[in-house]
2 protein chains.
Amino acid sequence: MDLRRLRYFVAVAEARSVGKAAERLRMAQPPLSVQIRKLEAEVGAPLFRRGTRGMDLTEAGQALLARAGEALALAADGVEAARAVAAGRRGRISIGYMFALANAVLPRLIPELRRSIPGIELHFAELSASTREARLLDRNVTVALCMPAINHPEIQVARVGAQPLMLAMPIRSPLSRLGAVPMAKLHGRPLIALPRPEQDPASSAVTALLRRHQVVMPIASRVETVHSAMSLVLAGEGLAILPACAKLGAPQGIVFRPLRDATDSIDVAVCWRRDSHSPLIRTFLKCAEKVVAPM
Amino acid sequence: MDLRRLRYFVAVAEARSVGKAAERLRMAQPPLSVQIRKLEAEVGAPLFRRGTRGMDLTEAGQALLARAGEALALAADGVEAARAVAAGRRGRISIGYMFALANAVLPRLIPELRRSIPGIELHFAELSASTREARLLDRNVTVALCMPAINHPEIQVARVGAQPLMLAMPIRSPLSRLGAVPMAKLHGRPLIALPRPEQDPASSAVTALLRRHQVVMPIASRVETVHSAMSLVLAGEGLAILPACAKLGAPQGIVFRPLRDATDSIDVAVCWRRDSHSPLIRTFLKCAEKVVAPM
DNA sequence: TCAGCCCATATATTTTCGGTATGCCAATGG
DNA sequence: CCATTGGCATACCGAAAATATATGGGCTGA
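Residues numbered from 1 in each chain as written. Chains lettered and ligands numbered in written order. Predicted model: local features only at pLDDT ≥ 70, side-chain atom pairs only at ≥ 80, totals over all residues. Heavy atoms only, no water.

**Student:** Please clarify how the overall build of chain A should be interpreted in this entry.
**Tutor:** The secondary structure content of chain A amounts to 9 helices and 12 strands. Against the 2.2 N^0.38 benchmark of 19 Å for 295 residues, chain A shows a C-alpha radius of gyration of 32 Å, more extended than a compact globule. Its C-alpha atoms give chain A principal-axis dimensions of about 105 × 35 × 25 Å. Taking all 295 residues of chain A together, the buried fraction comes to 49%. Total accessible area computed for chain A in this model is approximately 14000 Å², and 51% of it derives from carbon and sulfur atoms. Here chain A contributes 40 positively and 25 negatively charged side chains, and the mean placements of these two sets differ by 5 Å. (Helix = DSSP H or I, 4+ residues; strand = E, 2+ residues; numbered from the N terminus. Rg over C-alpha atoms; globule rule 2.2 N^0.38 Å. Buried < 20%, exposed > 50% of the residue type's maximum accessible area, 1.4 Å probe, protein only. Areas by Shrake-Rupley, 256 points an atom, 1.4 Å probe, with all protein chains shown as cover. Lys, Arg positive; Asp, Glu negative; His and termini not counted. Charge placed at Lys NZ, Arg CZ, Asp CG, Glu CD.)

Here it is in structure tokens:
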């Protein structure tokens, strides 16, 4: 079965005439006539009744017409859909994000994405510091919203914003009465730490901050997520130095205070596999920049 | 869009390899490779990711594949449907029947048709003596179950059975006490008559019967259908000579008696346009013969 | 590093498609 | 009754596209 023949067939059926259909198809009448006869030979039954004033569908022709139109539409739609996906006007994107960013970013990011790509299908996956690389490399997620950025040769990174580091403490802590906490006050206090970056443990923003101010904080516990960190802080296990946006997911009883003399921040980045060429990534990046930058 | 390209595309997508797909399509690998690239050029986007171990669909390719399979199936189904219609294995038939036959024939004919052609779509139309020809000639109905047969050069007729003529009378008529009514007893009694055949008024079975027995019955009324005839009989307007099957639709208070010495019958025929070549007509004819003959 | 696998490219051959010219049939009109 | 017209079918030719064969080139794994 050739789709062209079906197209011709539909044209002739609609025009009820070979000549008229040929005109509309911008071709000569004889080859069209030949194609119709070939189609009939292929089906094995006449599809038209030839009258002296044109052609008329037989029952068999009607049965074919009913499907042929749909098949043509589907094929055309398939090509169009492929183009739309390739151009990023449509598609599916699987978005990984780290817990800390969920409350701060997603509520604004999702409407922004839907505005940019109305037909988009969104999938979400929560990432933790320890799983995020693997899920990107496995193509489990298309893009990841990370904090801090991933450092890996296969992964491309685009910084879209930054979050200042703040001190999280229980509201009953005496430090909470200060508007901004001097770094020196932290010396010796127990710290709830997040995982250090696998590749480059020395690069942790918190580690760097403490080292620079020559402050030493013993690590009371190491946890996977900011939520766990805040829980332990609330339990009096220690203090935590967290990105400001974690405040949005903080339980009652936790307060955040800026650190005096420290403008350190931690990068928020969009990460994806270098070999992912989905045009949706670019669109996603634009949306993420718009949403994250002003934070 | 060429359906062949889509077929190739589906094959390669399923085999995840040009070589394997070429083997399954029984063609060489290079032309298949070329066709896939042409399809990609036509869509304007890569549909596969070329790896060292074969080909893998891109997102755009997945979008196309979802439609392409369906389009192929539809096109194939269309051809198959056309073949089935042409071969009479499927289709739509519009059946006209005369009132008198409805109760006697349809309840057995319909299941028989469904047995013969499971997927058949049936349309029914009631015919009267005055409309039956026009509705056949207008292709308003495909076949007509008539009694008696139509006589018209454009219409083909096949006799499928016959109905003996019987006398219909009110139960309170004195004649109803006889088991079979001698023809002579009818002489002079008023007759409720049906329309005489347009083409050949002399050929009416009832007229012929009366003439042969030299019985004269004045025509009390002329009616269109056997139902009307029976109503008038019940009203005491006269007697009617009707095909036996009319008994099945008779109201309470009407009795049918055979006519002694008269084995006259009226033909039941299937009629259709000579230029209708639907193979369903033949099937219908077979069913009608099977159902009507034993009556 | 060499063989094997797999896809891409090049060239030749065959198939098929579309165009032009023309024939055939039926209906219409003088 | 014949000529004209409208419409489809057939014949033949040139062009385009598909397929086959031969070959190149990259990655992989022994």
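Still more ground to cover, so stick around.
**Student:** So what exactly am I meant to see when it comes to the relation of the copies chain B and chain A here?
**Tutor:** For the pair of chain copies, the relating operation is a rotation around an axis with a shift along it. With an RMSD of 0.3 Å, the operation that places chain B on chain A is a rotation of 179° combined with a shift of 0.0 Å along the axis. Between the two chains, the operation in question is that of a two-fold axis. With an isologous cut-off of 70% or more, the 100% of interface residues of chain B that recur at the interface of chain A puts this contact in the isologous class. (Least-squares fit on C-alpha atoms with pLDDT ≥ 70 in both. Contact = heavy atoms within 4.5 Å.)

**Student:** Is there a simple way to think about the interface of chain B and chain A in this case?
**Tutor:** A common way to state how big an interface is: give the accessible area lost once the parts meet. Counting residues at the interface gives 28 residues for chain B, matched by 28 residues for chain A. When the two sides are added together, the surface that chain B and chain A hide from each other amounts to roughly 2600 Å², 66% of it contributed by carbon and sulfur. Among the residues of chain B in contact with chain A, M1, R67 and L74 of chain B are the three that bury the most area, contributing 21% of the side total. At the surface where chain B touches chain A, the tally comes to 2 salt bridges. Measuring nitrogen to oxygen at the nearest pair gives 3.1 Å for the salt bridge that ties D77 of chain B to R67 of chain A. For the pair chain B and chain A, the number of links is 6 residue pairs in polar contact (both at pLDDT 80 or more). Put simply, the parts of the chain that give the side of chain B that touches chain A at least two residues each are α1 (3-15), α3 (29-43) and α4 (59-87) of chain B. (Buried area = accessible area lost by both parts, 1.4 Å probe. Salt bridge = Lys/Arg side-chain N within 4 Å of Asp/Glu carboxyl O. Polar contact = N/O pair within 3.5 Å; in protein donor to acceptor, adjacent residues only side chain to side chain.)

**Student:** Can you walk me through the domain arrangement of chain A in this structure?
**Tutor:** For chain A, the assigned domains read domain 1 (3-87) and domain 2 (92-292). The C-alpha centroid of domain 2 of chain A is placed 60 Å from the C-alpha centroid of domain 1 of chain A. (Domains from an automatic or database assignment.)

**Student:** How should I be thinking about the pairing of strand β1 (residues 48-51) of chain A in this particular structure?
**Tutor:** Where a strand is regular, its side chains alternate between the two sheet faces. All names here are of chain A. Pairing of β1 with strand β2 (residues 54-57) involves 4 bridges; the strand directions are antiparallel. The residue bridging R50 from the neighbouring strand is M55, located in β2. Hairpin connection of β1 to β2: 2 residues between the antiparallel strands. (Pairing = 2+ DSSP bridges.)

**Student:** Got a minute to help me understand the protein's contact with DNA strand C in this structure?
**Tutor:** Lining the immediate environment of DNA strand C, one finds 22 residues, of which R4 and Y8 of chain A together with S33, R37 and R50 of chain B sit closest. A share of 71% is what sugar and phosphate atoms reach among the atoms of DNA strand C within 4 Å of the protein. In this structure, A28 of chain A approaches DNA strand C through a main-chain N or O atom, which is 2.9 Å from a phosphate oxygen. Here Q35 of chain A contributes a side-chain N or O atom positioned 3.4 Å from a phosphate oxygen of DNA strand C. The set of elements that each furnish at least two residues to the surface near DNA strand C consists of α1 (3-15) and α3 (29-43) of chain A together with α2 (18-24), α3 and β2 (54-57) of chain B. Of the residues assigned to the surface near DNA strand C, the class counts are 8 nonpolar, 7 polar and 7 charged. (Near = heavy atom within 4 Å. Nonpolar A, V, L, I, M, F, W, Y, C, P; charged D, E, K, R; others polar.)

**Student:** Hey, could you run me through the protein's contact with DNA strand D in this one?
**Tutor:** Residues in contact with DNA strand D amount to 22 residues; listed here are only the nearest, S33, R37 and R50 of chain A together with Y8 and K38 of chain B. The protein-proximal atoms of DNA strand D, defined as those within 4 Å of the protein, are 76% sugar or phosphate. Contact distances for DNA strand D include 2.5 Å between a phosphate oxygen and a side-chain N or O atom of K38 of chain B. Mapped by element, the contributors of at least two residues to the surface near DNA strand D are α2 (18-24), α3 and β2 of chain A together with α1 and α3 of chain B. Residues that form the surface near DNA strand D fall into these classes: 8 nonpolar, 8 polar and 6 charged.

**Student:** Even after reading the chapter, I still don't get the pattern of salt bridges, so can you show me in this structure?
**Tutor:** Side chains that differ in sign of charge can pair as their charged atoms come close. Enumeration according to the criterion identifies 22 salt bridges over all chains in this entry. When the shortest N-O distance is used, the salt bridge between D264 of chain B and R212 of chain B registers 2.3 Å. Here the residue D264 of chain B occupies a position in the loop between β11 (254-260) and β12 (265-273), and R212 of chain B occupies one in helix α7 (residues 205-212), the gap between them amounting to 52 residues. For D264 of chain B, a relative accessible area of 15% puts it in the buried group. Connected via shared salt-bridge partners are E112, R115 and K290 of chain A.

**Student:** Even after reading the chapter, I still don't get the packing of helix α5 (residues 99-116) of chain B against helix α9 (residues 279-292) of chain B, so can you show me in this structure?
**Tutor:** The description of two helices packed together rests on the angle between their axes and the distance between the axes. Residues and elements named next belong to chain B. Between α5 and α9, the shortest axis-to-axis distance is 9 Å and the interhelical angle comes to 135°. Here α5 lies oblique to α9, going by the angle between them. Handedness of the α5/α9 crossing: right-handed. Side by side, α5 and α9 meet where V105, R108, L109, E112, L113 and S116 of the first sit next to T283, F284, C287, A288, K290, V291 and V292 of the second. (Axes fitted to C-alpha atoms, helices over the stretch in contact; angles between N-to-C directions. Parallel < 35°, antiparallel > 145°, perpendicular 65-115°, else oblique. Left-handed = near helix turned anticlockwise from the far one by under 90°.)

**Student:** Any chance you could explain the side chain of R5 of chain A here in plain terms?
**Tutor:** Relative to the helices and strands, R5 of chain A resides in helix α1. A polar side-chain atom of R5 of chain A sits 2.7 Å from a polar atom in the side chain of Q35 of chain A.

**Student:** Which parts of the structure should I look at to understand the environment of P258 of chain B?
**Tutor:** All names here are of chain B. Relative to the elements of secondary structure, P258 occurs in strand β11. Residue classification places P258 among the partly exposed positions, given a relative accessible area of 37%. Distance from P258 to V181, taken between C-alpha atoms, is 6.4 Å for residues 77 residues apart in sequence. Among all residues touching P258, those that are not within four sequence positions of it are M166, G179, A180 and V181.

**Student:** Sorry if this is basic, but what is going on with α1 of chain B here?
**Tutor:** Helical periodicity: at 3.6 residues per turn, an α-helix aligns residues three or four positions apart in one direction. Residue and element names in this part refer to chain B. The first and last C-alpha atoms of α1 sit 18 Å apart over 13 residues, in line with the 18 Å expected at 1.5 Å per residue. Buried residues of α1: L3, R5, L6, Y8, F9, V10, A11, V12 and A13, and no others. R16 occupies a position one or two residues after α1 and carries a positive phi of about 55°. (Expected span 1.5 Å × (residues − 1).)

**Student:** Before we go on, may I ask you to explain α9 of chain B in this structure?
**Tutor:** If you check α9 of chain B, its first and last C-alpha atoms are 20 Å apart, about what 14 residues at 1.5 Å a residue would give, namely 20 Å. If you follow the buried residues of α9 of chain B, they end up packed against β3 (92-98), α5, β5 (143-146), β6 (155-170) and β12 of chain B.

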